[in-house]
Amino acid sequence: MKICALLLFSFLGLGLTVPIERATPKKEAEPPPQEQQDTGLYYDRYLREVIDVLETDGHFREKLQAANADDIKSGKLSKELDFVSHNVRTKLDELKRQEVSRLRMLIKAKMDATMEENVQIDHMSLLKQFEHLDPQNQHTFEARDLELLIQAATKDLENYDAARHEEFKRYEMMKEHERREYLKSLDEEKRKMEEAHFEEMKNKHKEHPKVNVPGSMDQLKEVWEETDGLDPNEFNPKTFFKLHDTNGDGVLDEQELEALFTKELEKVYDPKNEEDDMVEMEEERLRMREHVMKNVDANHDRMVTLDEFLKSTEKKKK
């Protein structure tokens, strides 16, 4: 849905990606429902529920269709909330009250764990730390709430990739720390054997078929041939785009892009091999997606349009 794509730059780039296997589609078959992935935001459920309710309003959907990413991020679209139906506003009010109640419970649980009993809690002040809603009004969902929700989600999702990189760095450091601590527990002979085995696994991991540059013509044609089952000599960028726009929203979002790299990653990583680390594979998938986005996503909205994709493939042909 467009609001998920424009407002959140897609939910997919923020979760685990699974390999895609493409079978010959039936013309009359309905596409399977897309499983939404958790954004990782602490207000993920509230965000999704607000989006679901807003999409039921005809006026809001109409304005959304005419809006661009800048209109949404700037808060311009939030003003349209004044024109949605009473039923929708009532549902949004209830969602906000539920979210405020949830946050108040979180605050109380945290304070109970760190403070003495019978201490008065100033919920109003503490609610101000949450940026995705207006704490001054705890009972009704207003245009300001939608504006804050959009701003918070935009900022938090833009920082998500950086957080994933940092998490991977910590993982690598911890893994190396545990390896060294284990070596300290061994006698000299066993330590030498373990270090030799470690070097053997490192070298074995490096032995793999050639990996294509993400987004290159060679990489795209390999997907076209091996995943889509089509003749590499008849590669058609427009058809390729439509095949891999799996939710049919007219853009390749982060999840759809990451799925394109499965064949390349399978050349290097196999969960059955001792020398291959699947956490490292997902970090490499993220780097591949970032590489493609940097070179293809001209307007930096974290989505690849058909026009951007076609221009990119034209450049690669020259």
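Values in this document were obtained by computation on a predicted structure and should not be read as measured data. (Residues numbered from 1 in each chain as written. Predicted model: local features only at pLDDT ≥ 70, side-chain atom pairs only at ≥ 80, totals over all residues. Heavy atoms only, no water.)

(A) A look at the overall build of the protein chain. The helix and strand inventory of the protein chain stands at 15 helices and two strands. Once local pairs closer than 6 in sequence are excluded, the contacts in the protein chain between residues at least 24 apart make up 68%. Accessible area for the protein chain stands at about 19100 Å²; split by element, carbon and sulfur atoms hold 51% of it. (Helix = DSSP H or I, 4+ residues; strand = E, 2+ residues; numbered from the N terminus. Contact = heavy atoms within 4.5 Å. Areas by Shrake-Rupley, 256 points an atom, 1.4 Å probe, with all protein chains shown as cover.)

(B) Layout of a negative patch on the surface. Judged by side-chain charge, Glu-225, Glu-226, Asp-231 and Glu-234 come together as a negatively charged surface patch. Tracing the backbone shows Asp-231 in the loop between helix 10 (217-227) and helix 11 (237-244). (Patch = residues over 30% accessible without salt bridge, like charges linked within 9 Å, V, L, I, M, F, W, Y side chains within 5 Å. Salt bridge = Lys/Arg side-chain N within 4 Å of Asp/Glu carboxyl O. Lys, Arg positive; Asp, Glu negative; His and termini not counted. Charge placed at Lys NZ, Arg CZ, Asp CG, Glu CD.)

(C) Structural context of the nonpolar core. Counting 31 residues, the largest nonpolar core has Tyr-43, Tyr-46, Leu-47, Val-50, Leu-54, Leu-92 and Phe-141 as its most contacted members. Put simply, the parts of the chain that give this core at least two residues each are helix 2 (44-54), helix 3 (58-66), helix 5 (86-114) and helix 7 (143-158). The contacts of Val-50, once residues within four sequence positions are left out, are Leu-92, Leu-95, Phe-141 and Leu-149. (Core = buried A, V, L, I, M, F, W, Y, C linked by side-chain atoms within 4.5 Å. Buried < 20%, exposed > 50% of the residue type's maximum accessible area, 1.4 Å probe, protein only.)

(D) Representation of the UniProt feature "domain: EF-hand" (unreviewed entry) in the protein chain within the structure. Mapped onto this structure's residue numbering, the UniProt feature "domain: EF-hand" (unreviewed entry) falls at residues 232-267. Between the C-alpha atoms that bound residues 232-267 there is a distance of 19 Å. The span itself is 56% helix and 6% strand. (UniProt positions renumbered as here; feature names shortened; annotations may be inferred.)

(E) Layout of the packing of aromatic side chains. Applying the stated criterion to the full structure yields seven aromatic pairs. Ring plane angle 50 degrees and centroid distance 5.9 Å describe the contact between Tyr-42 and Phe-130, whose orientation is recorded as tilted. Taken together, the residues Tyr-42 in the loop between helix 1 (2-8) and helix 2 and Phe-130 in the loop between helix 6 (123-127) and helix 7 connect sequence positions 88 residues apart. Classification of Tyr-42 as partly exposed rests on a relative accessible area of 44%. The buried category is assigned to Phe-130, whose relative accessible area is 11%. (Phe/Tyr/Trp six-rings, centres within 6.5 Å; stacked < 30°, edge-to-face > 60°.)

(F) Region of interest: the confidence of the model for the protein chain. With 82% of its residues at a pLDDT of 70 or more, the protein chain has an overall mean of 83. Contacts from residues 8-35, a stretch scored under 50 in pLDDT, to residues over four places away or in other chains number 60 contacts. (pLDDT = per-residue confidence, 0-100.)

(G) The pattern of salt bridges, seen in detail. Inspection of the entire model under this criterion finds 29 salt bridges. For Asp-161, the salt bridge is made with Arg-302, and the minimal N-O distance between the two is 3.5 Å. Of this pair, Asp-161 sits in helix 8 (residues 160-184) while Arg-302 sits in the loop between helix 14 (278-296) and strand 2 (304-305), placing them 141 residues apart in sequence. Residue Asp-161 is classed as buried on the basis of its relative accessible area of 6%. Exposure remark for Arg-302: the relative accessible area of 14% places this residue in the buried category.

(H) Molecular detail of helix 10. Of the residues making up helix 10, those classed as buried are Met-217, Gln-219, Leu-220, Glu-222, Val-223, Trp-224 and Thr-227. Among the residues trailing helix 10, Gly-229 stands out with phi positive, at a value near 70 degrees.

(I) Representation of the side chain of Asp-93. Turning to its location among the elements, Asp-93 is positioned in helix 5. No salt bridge forms around the buried Asp-93; measuring N to O, its nearest opposite-charge neighbour Arg-97 is 4.8 Å away. When near neighbours in sequence (up to four residues on either side) are disregarded, Asp-93 contacts His-139, Thr-140 and Phe-141.

(J) Seen up close, the packing of helix 8 against helix 9 (residues 188-206). At a closest axis distance of 9 Å, the pairing of helix 8 and helix 9 adopts a crossing angle of 150 degrees. Put simply, helix 8 runs roughly antiparallel to helix 9. Crossing handedness for the pair helix 8 and helix 9: right-handed. On helix 9, the residues that touch Arg-179, Tyr-182 and Leu-183 of helix 8 are Arg-191, Glu-194, Glu-195 and Phe-198. Tallied by class, residues from the contact of helix 8 with helix 9 come to three nonpolar, no polar and four charged. (Axes fitted to C-alpha atoms, helices over the stretch in contact; angles between N-to-C directions. Parallel < 35°, antiparallel > 145°, perpendicular 65-115°, else oblique. Left-handed = near helix turned anticlockwise from the far one by under 90°. Nonpolar A, V, L, I, M, F, W, Y, C, P; charged D, E, K, R; others polar.)

(K) Local environment of the environment of Val-53. Here Val-53 lies in helix 2. Take Val-53: its relative accessible area is 12%, and that puts it in the buried class. Taking the C-alpha atoms as reference points, Val-53 and Leu-92, separated by 39 residues in sequence, lie 7.2 Å from one another. If we skip the residues at most four places from it in the chain, Val-53 touches Val-88, Lys-91, Leu-92 and Leu-95.

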